[in-house]
Number of protein chains: 2
Amino acid sequence: MSTQQRILDTALDSFGTTGVDGTSLDALARELGLRKQSILYYFKSKQALFEAVLDEAANQFIAELDQVVERVDPNDVWAQVEGTVRVVFRLAVQRPALLGLLREASRPGSMVAVQLSSRLANHIDAAQHSLEIALKEGRVRGDDARLLLFSLYSTIMGVATEVEVLRAMGVEPSLRSLAERRQELLRFLHVALVP
Amino acid sequence: MSTQQRILDTALDSFGTTGVDGTSLDALARELGLRKQSILYYFKSKQALFEAVLDEAANQFIAELDQVVERVDPNDVWAQVEGTVRVVFRLAVQRPALLGLLREASRPGSMVAVQLSSRLANHIDAAQHSLEIALKEGRVRGDDARLLLFSLYSTIMGVATEVEVLRAMGVEPSLRSLAERRQELLRFLHVALVP
DNA sequence: GGATCTCTCTACCAATTGGTAGAAAGCGGG
DNA sequence: CCCGCTTTCTACCAATTGGTAGAGAGATCC
């Protein structure tokens with residue numbers, strides 16, 4: 001793997017867990033076995049690195065979502081929800097920092113969120129569109145497609161990433177508990193969506 | 001208001017919006033019209049300040065939740081959900097930084113989350129308990145009270161705080177849109193919960 | 001008036017931050 | 001073997017970080 005790619009990967013992990021402000025270029029370089037000047041050779045500033053990392057994260061996230069879009073009937077809203085949940089939970093296991101980064105980037109007043117949102121605009125529009133049709137035909141419960149989509153997003157991302165809240169409730173995060181969470185989430189969403 | 005209280009309040013706002021790492025003692029002092037040494041007079045370190053702020057946030061959050069508990073029939077789960085939604089959305093308007101701080105503190109791997117969780121343990125237990133009874137009596141849909149509570153929490157907090165995602169979907173945050181979001185959220189939760 | 005206590009200040013400090021300048025090291029082609 | 005290109009390094013730097021030491025201001029008590 002190229003050095004540039006290694007930097008992006010390691011930075012994504014660090015930004016997504018420790019946060020951007022909590023990650024210094026020196027610490028990042030140490031983790032990579034380099035000097036920070038080598039990082040600044042590939043990315044002209046920390047801000048530029050962050051934007052590249054965000055782009056990388058968007059690419060990976062979109063690539064995952066595309067697998068759902070491709071394999072699932074766009075008219076079957078419930079199958080789309082199931083697929084999305086599967087994808088998000090797979091990321092929660094395999095690359096939790098990616099979800100952490102999305103969370104960080106979508107912090108209120110973040111300003112970098114626009115960058116992400118423009119990348120995801122197509123997916124959002126498509127999802128909203130098929131949701132609207134399903135609503136009109138009565139195949140899904142609800143009034144406003146956009147707000148419903150937003151509720152779905154909040155629920156799925158929250159259940160997948162809020163592990164500390166779960167710990168506060170006495171559930172130690174594990175693969176087992178993650179699977180249970182996912183099952184309960186699917187049940188919850190099914191009741192809420194399917195008439 | 002005492003200087004100590006002013007420091008706590010301002011720090012809560014700053015920590016909750018800019019983040020802890022993103023808030024320097026100098027910047028905080030500037031905002032207060034003081035020198036940072038005055039802050040360190042009341043709180044012996046930044047970490048100590050953060051913990052005090054977290055405690056303050058927990059106090060305020062608990063005080064709000066208590067109003068729900070007091071005024072609502074503990075057996076009426078739906079009324080409790082409604083009350084909680086009302087409280088959280090009121091905070092989203094009046095003190096968004098408080099919710100931002102909770103979000104920051106509940107970041108995966110945060111370690112400070114234990115402090116919060118011990119403060120909220122009573123409320124969590126009580127909620128879980130009445131949810132269990134309601135489940136057993138078939139007044140609420142679902143299997144596992146704890147996981148259901150977790151789904152509810154994720155949905156409510158997400159819908160109340162993920163304003164950047166909403167913006168990405170083309171909805172400019174405003175009081176009006178907040179009210180719509182709340183209404184849609186209540187509809188969504190009602191369908192999901194009440195048989 | 002002096003002593004004491006509470007509070008806020010000035011004056012520093014060592015460490016760390018993101019970033020610049022430019023030297024060396026490696027390497028492939030001529 | 002040497003030239004030129006890419007890559008990584010050492011050597012710095014100014015600004016900012018959290019934090020210490022202690023002086024001075026202001027009020028209160030005797």
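All values reported here derive from a predicted model rather than from experimental measurement.

Moving on, we get to the interface of chain B and chain A. Contacts between the two partners involve 49 residues from chain B, matched on the other side by 49 residues from chain A. For the chain B and chain A pair, buried surface summed over both sides reaches about 4,500 Å², with 66% attributable to carbon and sulfur atoms. Among the residues of chain B in contact with chain A, Phe150, Met169 and Phe188 of chain B are the three that bury the most area, contributing 16% of the side total. On the surface where chain B and chain A come into contact, there are 4 salt bridges. Among the salt bridges present, the one from Arg107 of chain B reaches Glu104 of chain A, with a minimum N-O distance of 3.2 Å. Here chain B is connected to chain A by 13 residue pairs in polar contact (both at pLDDT 80 or more). Elements supplying a minimum of two residues to the side of chain B that touches chain A: helix 1 (3-18), helix 6 (96-105), helix 7 (113-136), helix 8 (145-161), helix 9 (163-168) and helix 10 (175-193) of chain B. Top element by residues in the side of chain B that touches chain A is helix 8 of chain B. It accounts for 13 residues. Looking at the side of chain B that touches chain A, its residues break down into 20 nonpolar, 15 polar and 14 charged.

Around DNA strand D, a shell composed of 16 residues is seen, among which Gln37, Ser38 and Tyr42 of chain A together with Lys36 and Lys46 of chain B lie nearest. A breakdown of the atoms of DNA strand D within 4 Å of the protein gives sugar and phosphate a share of 52%. One of the side-chain N or O atoms of Gln37 of chain A is found 2.9 Å from a base nitrogen in DNA strand D. Going through the elements one at a time, helix 3 (36-42) of chain A together with helix 2 (25-32) and helix 3 (36-42) of chain B are the ones with two or more residues in the surface near DNA strand D. A per-element tally of the surface near DNA strand D places helix 3 of chain A first, with 4 residues.

About the cut-offs
Residues numbered from 1 in each chain as written. Chains lettered and ligands numbered in written order. Predicted model: local features only at pLDDT ≥ 70, side-chain atom pairs only at ≥ 80, totals over all residues. Heavy atoms only, no water. Contact = heavy atoms within 4.5 Å. Buried area = accessible area lost by both parts, 1.4 Å probe. Salt bridge = Lys/Arg side-chain N within 4 Å of Asp/Glu carboxyl O. Polar contact = N/O pair within 3.5 Å; in protein donor to acceptor, adjacent residues only side chain to side chain. Helix = DSSP H or I, 4+ residues; strand = E, 2+ residues; numbered from the N terminus. Nonpolar A, V, L, I, M, F, W, Y, C, P; charged D, E, K, R; others polar. Near = heavy atom within 4 Å.

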